[in-house]
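# Remarks on the overall topology
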Amino acid sequence: MKATLIIVNYNGRRLLERSVPAAREAARRGGHRVVVADDGSTDGSVAFLQSQHPEVHVLRLRHAGFAEASNAAVAAADTDVVVLLNTDVIVSPDFLPPLLEDLAAPDVFAVGCKFVNPDGSLTDALGNRTSGSWEGGLLLIHHETNPERLRARCPQLYANGGAMACQRAKWLALGGFQALYRPFYWEDVDLGYRAWGRGWQVLYEPDSVVVHEQGSTIGRLYDREWVELMSAKNAVLFSWRNLLDPAAFRRALCSQARWAADDVLIDGLPPRTRALWAALRQVREAARGRAEEARERTCSDAEILFRSRGGAA
Amino acid sequence: MTRQGATAVVLTFARRGEQDVIRAAVDEVSRRAGAAAFVAVATPASLPVLAEVGLRDTVVFGDGSGVRRVLAGVRSRRPGRAVVVYSSGRMSAHLKLEFVALASGARMTYRCAPGGRVEVVGRLGLAWSVARKCLRAAGCLAAGAIVCLLAWAWLRGAQALAGGRYARRA
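From a predicted model like this one, the values you see are computed outputs, not experimental measurements.

Cut-offs and rules
- Residues numbered from 1 in each chain as written.
- Chains lettered and ligands numbered in written order.
- Predicted model: local features only at pLDDT ≥ 70, side-chain atom pairs only at ≥ 80, totals over all residues.
- Heavy atoms only, no water.
- Contact = heavy atoms within 4.5 Å.
- Buried area = accessible area lost by both parts, 1.4 Å probe.
- Salt bridge = Lys/Arg side-chain N within 4 Å of Asp/Glu carboxyl O.
- Polar contact = N/O pair within 3.5 Å; in protein donor to acceptor, adjacent residues only side chain to side chain.
- Helix = DSSP H or I, 4+ residues; strand = E, 2+ residues; numbered from the N terminus.
- Pairing = 2+ DSSP bridges.
- Axes fitted to C-alpha atoms, helices over the stretch in contact; angles between N-to-C directions.
- Buried < 20%, exposed > 50% of the residue type's maximum accessible area, 1.4 Å probe, protein only.

Taken together, the 34 residues of chain A in the interface contact 29 residues of chain B. For the pair chain A and chain B, the summed buried surface comes to about 2900 Å²; carbon and sulfur atoms form 71% of the total. The interface formed by chain A and chain B holds zero salt bridges in total. The interface formed by chain A and chain B contains three residue pairs in polar contact (both at pLDDT 80 or more). Of all the elements in the fold, those that place two or more residues in the side of chain A that touches chain B are α9 (246-264), α10 (271-280), α11 (283-296) and α12 (301-308) of chain A. With ten residues, α9(A) is the largest single contributor of residues to the side of chain A that touches chain B.

The structure is reproduced here in structure tokens:
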């Protein structure tokens, strides 16, 4: 089984200097291909790749955001498996074979890697053996930090978009990352949730290790408060798009309605209330996604969370 | 039982590093109102800060004690003045402090902002401040409810038009 390693880049030239050689080495071992999807960088990333890594295919795109760049790169790939990598992820040379082995099962949609810090310790960022629960109107994401529980391959809610392998055909069937979540965050959670909703699995693979230099992509380019607002807005949109259980959906909206009252008691305008207003502007888009989800879903929200924690179908 | 008016009740959520705010407030009230005995009403987190500024007579809330017990503890001191120290920027904290000040029975309240500004209000002025904050929260709750009702109608409508629940369930 051949794979295309896709590095989605936006003004990450400095990071490419480390991530591309690692990806090339991993790809070389299995005869795979490396593609950099450049999302309209202006920092000389493309010139750097053309001069230093001429054998790497560069897909030059107009700046449209992470989701669109990823979707375009996956659509352009010609292999059964695609591996999405962030520019701040350094893969280990042998990270690919365990992923390909897992993806050989017909009901597996995606497999996520084991994320570690540059010193080999486990990362605090979301990524390893993810799970979720609906609380206070939002899906709360959890990730495993106990090393003992990260030794075996197991199901997880979603594979972190920073380093994930997936079946290209299933990606296309799901419609890939949703532009609803522009500019970033929650696309990968949404994709994993919807895959489980169609009866497919998402796995965590401990033998596929990658180093994640946390937050160095978005944190470097954007204001922190704005990033938090976008994340909160997308958390709301995720619930609006995907929470189909009527009672749970009503409870979620009641919780969200209370935010405005809670937040007004705090000086300044905090992200939660602003996030609600920002989400309302995209309600039509969320409604279209929800309609599609209602047509395609094969199990309940509770079943999705249960199965993604390893419960039997 | 203490004589009404002899005691000033200090209400605060101040944390470590905010001792100066409380000290300034207490000094200002002592200067304006003469030598008063102070009793502090605070959460356990504020107790070390209060001890540092010499306020050792305390009524603690937020440690699982019922609101009635806290209010009874405050009222038993028969405070004539209340000192609200607005160390936190949270309006919910302001509301709680003002509510306790109102319920304490104090006739006069000194509202002390971190910058050192002190404003004196009577019971009516304090009640109006509490009511205004409650009204603002209620208005926002209504706005939040309208937003979510709109979203609910739109999203549930789209879902209903799309077809049955879990249409592809095997």
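All names here are of chain B. In spatial order, the strands read β3-β2-β1-β4-β5-β6; together these six strands make up an open sheet with mixed pairing. A strand with exactly one partner marks an edge of an open sheet, and here the two such strands are β3 (58-60) and β6 (118-122). Averaged over all pairs of adjacent strands, the angle between their axes in this sheet comes to 20°, without regard to strand direction. In this sheet, strand β5 (residues 108-112) lies alongside strand β4 (residues 79-85) in parallel orientation, the contact comprising five bridges. Residue pairing for β5: arginine 81 is matched across the bridge by methionine 108. Helix α1 (residues 19-33) rests against β1 (7-12), β2 (37-42), β4, β5 and β6 of the sheet, and its axis sits at about 145° to β4.

Turning our attention to the pattern of salt bridges. Counted under the stated rule, the structure contains 24 salt bridges over all chains. A salt bridge links B:Arg23 to B:Asp20; the nearest nitrogen and oxygen atoms lie 3.2 Å apart. In this pair, B:Arg23 and B:Asp20 are both assigned in helix α1, three residues apart and thus about one turn of the helix distant. Overall, B:Arg23 belongs to the partly exposed group, its relative accessible area being 34%. On the basis of relative accessibility, which here comes to 56%, the residue B:Asp20 falls in the exposed class. For the salt bridge of B:Lys133 with B:Glu98, the shortest nitrogen-to-oxygen distance reads 3.2 Å. Pair noted here: B:Lys133 is in helix α5 (residues 123-162) and B:Glu98 is in helix α4 (residues 91-103), with a separation of 35 residues, a long-range link. Residue class for B:Glu98 comes out buried when judged on its relative accessible area of 0%. Each of the salt bridges in this network shares a partner with another, and the network as a whole consists of A:Arg198, A:Arg241, A:Glu292, A:Glu293, A:Arg297 and A:Asp301.

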